[in-house]
Structure formats: C-alpha cells, structure tokens
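Given next are the chains, with one letter for each unit.
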Amino acid sequence: MSKILVVDDSKLARSRVVELLRENGYCDIYEALDGQQAIDMYLKHKPDLMTLDIEMPIYDGLEVVKELVQVSSDLKVIWISSVDNKHRVLEAQGLCKSTIIKKPISREKLEKALKIINR
C-alpha cells in the first residue's frame, strides 16, 4: 500500500498513527480531522487504506464508509476507536474489508492491524 488516509478528530491520535506508519515505512500519508474532510480527501487522493475513528464530528466513521463504499468497492479500513460499543463495532466491520484496534494506539496494535488488512 502506498497511500494512507488517517482520520481522527483528535490531533494527538492522528499524530501518533502518522508517526507509527512512518516508522513502518509508509510516507504517502494524508490527514483529515472530521468525516467531511475524510470523504473529500478520499475522493481527491484515492488512498489504498484509511485509519478511521468511529466517533467524529460532522459525519462519524460509519457514515463516511457508507458514503465511500458507493464509489469504491475495494475500500480498506483500520478502525481506531475508544468506543466500547459492540453493536457499532460489528456494524463498522461489516461495511468493508476492515479490522479494529482500540485506543490507546500502540506500535504492536497497528502492526497487527496492518498485517490483517493486507492479507
């Protein structure tokens, strides 16, 4: 994968994901801080993968993916969330090829998710 879109309303969480991705050799990384920016950036840059928070302002992660699966059948998402709502997590995972990791974000969690999503 060459292009990754990191989406989270928390600047600290976005920075941590970007830092870990760079440590894993990824350099073509874009950032969005809300659901609308995520949709706009996805359509503009066509990333191979998104890391996406479920709970965000404007559009939440579920709404973003519901919108984007209409234009991209090969959407891949690593959900990153502090939400402990099993129903929303199951719904999120059923929308596209995806896996989920819970905050706080660690190198080990992200590397495991990258392996899963790249299978």
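Use the structure listed above.
Residues numbered from 1 in each chain as written. Predicted model: local features only at pLDDT ≥ 70, side-chain atom pairs only at ≥ 80, totals over all residues. Heavy atoms only, no water.

Q: So what exactly am I meant to see when it comes to the packing of helix α2 (residues 35-45) against helix α3 (residues 61-68) here?
A: Relative placement of two packed helices is described by the angle separating their axes and the distance separating the axes. Contact geometry for α2 and α3: axes closest at 9 Å, N-to-C directions at 30°. By the angle between their axes, α2 is roughly parallel relative to α3. The handedness of the crossing between α2 and α3 comes out as right-handed. Of the residues in α3, those in contact with Gly35, Ala38, Ile39, Tyr42 and Leu43 of α2 are Val64, Glu67 and Leu68. Classifying every residue of the contact of α2 with α3 gives 6 nonpolar, 1 polar and 1 charged. (Axes fitted to C-alpha atoms, helices over the stretch in contact; angles between N-to-C directions. Helix = DSSP H or I, 4+ residues; strand = E, 2+ residues; numbered from the N terminus. Parallel < 35°, antiparallel > 145°, perpendicular 65-115°, else oblique. Left-handed = near helix turned anticlockwise from the far one by under 90°. Contact = heavy atoms within 4.5 Å. Nonpolar A, V, L, I, M, F, W, Y, C, P; charged D, E, K, R; others polar.)

Q: What am I meant to see in the pattern of salt bridges here?
A: Side chains that differ in charge, positive against negative, can pair when their charged atoms come close. Tallying each qualifying case throughout the model produces 6 salt bridges. Lys103 serves as the salt-bridge partner of Asp53, at 3.5 Å between the closest nitrogen and oxygen. Here Asp53, found in the loop between β3 (49-52) and α3, pairs with Lys103, found in the loop between β5 (97-102) and α5 (107-117); they are 50 residues apart in sequence, far enough to count as distant. When its relative accessible area of 3% is taken as the criterion, Asp53 is described as buried. The partly exposed category is assigned to Lys103, whose relative accessible area is 24%. A salt bridge links Glu91 to Lys66; its shortest N-O distance comes to 3.0 Å. (Salt bridge = Lys/Arg side-chain N within 4 Å of Asp/Glu carboxyl O. Buried < 20%, exposed > 50% of the residue type's maximum accessible area, 1.4 Å probe, protein only.)

Q: Could you clarify how one ought to interpret the sheet that holds β3 in this entry?
A: Whenever strands of a sheet pair, they do so through backbone hydrogen bonds, lying parallel or antiparallel. Taken in spatial order, the 5 strands make up an open sheet running β2-β1-β3-β4-β5, and their pairing is parallel. Of all the strands in the sheet, just β2 (28-32) and β5 have a single pairing partner and so form its edges. Averaged over all pairs of adjacent strands, the angle between their axes in this sheet comes to 20°, without regard to strand direction. Pairing of strand β1 (residues 3-7) with β3, which is carried by 4 bridges, proceeds in the parallel orientation. Directly across from Leu5, in β3, lies its bridge partner Met50. Of the strands in this sheet, β1, β2 and β3 are in contact with α2, which crosses β2 at around 150°. Across the face of the sheet, α3 comes into contact with β3 and β4 (76-81) while running at roughly 155° to β3. (Pairing = 2+ DSSP bridges.)

Q: Explain the pairing of β3 here, please?
A: Each regular strand shows side chains that alternate between the opposite faces of the sheet. Of the two faces of β3, the one holding Leu49 and Thr51 and the one holding Met50 and Leu52 are both buried throughout. Of the strand pairs in this sheet, β3 and β4 are connected by 3 bridges, and their pairing is parallel. Note on β4: the bridge partner recorded for Met50 is Val77. Since β3 and β4 lie parallel, the crossover through α3 that links them has a hand, and here it is right-handed. (Right-handed = clockwise from strand over helix to strand, strands pointing away.)

The quantities given are spatial measurements derived from coordinates; they are silent on function.
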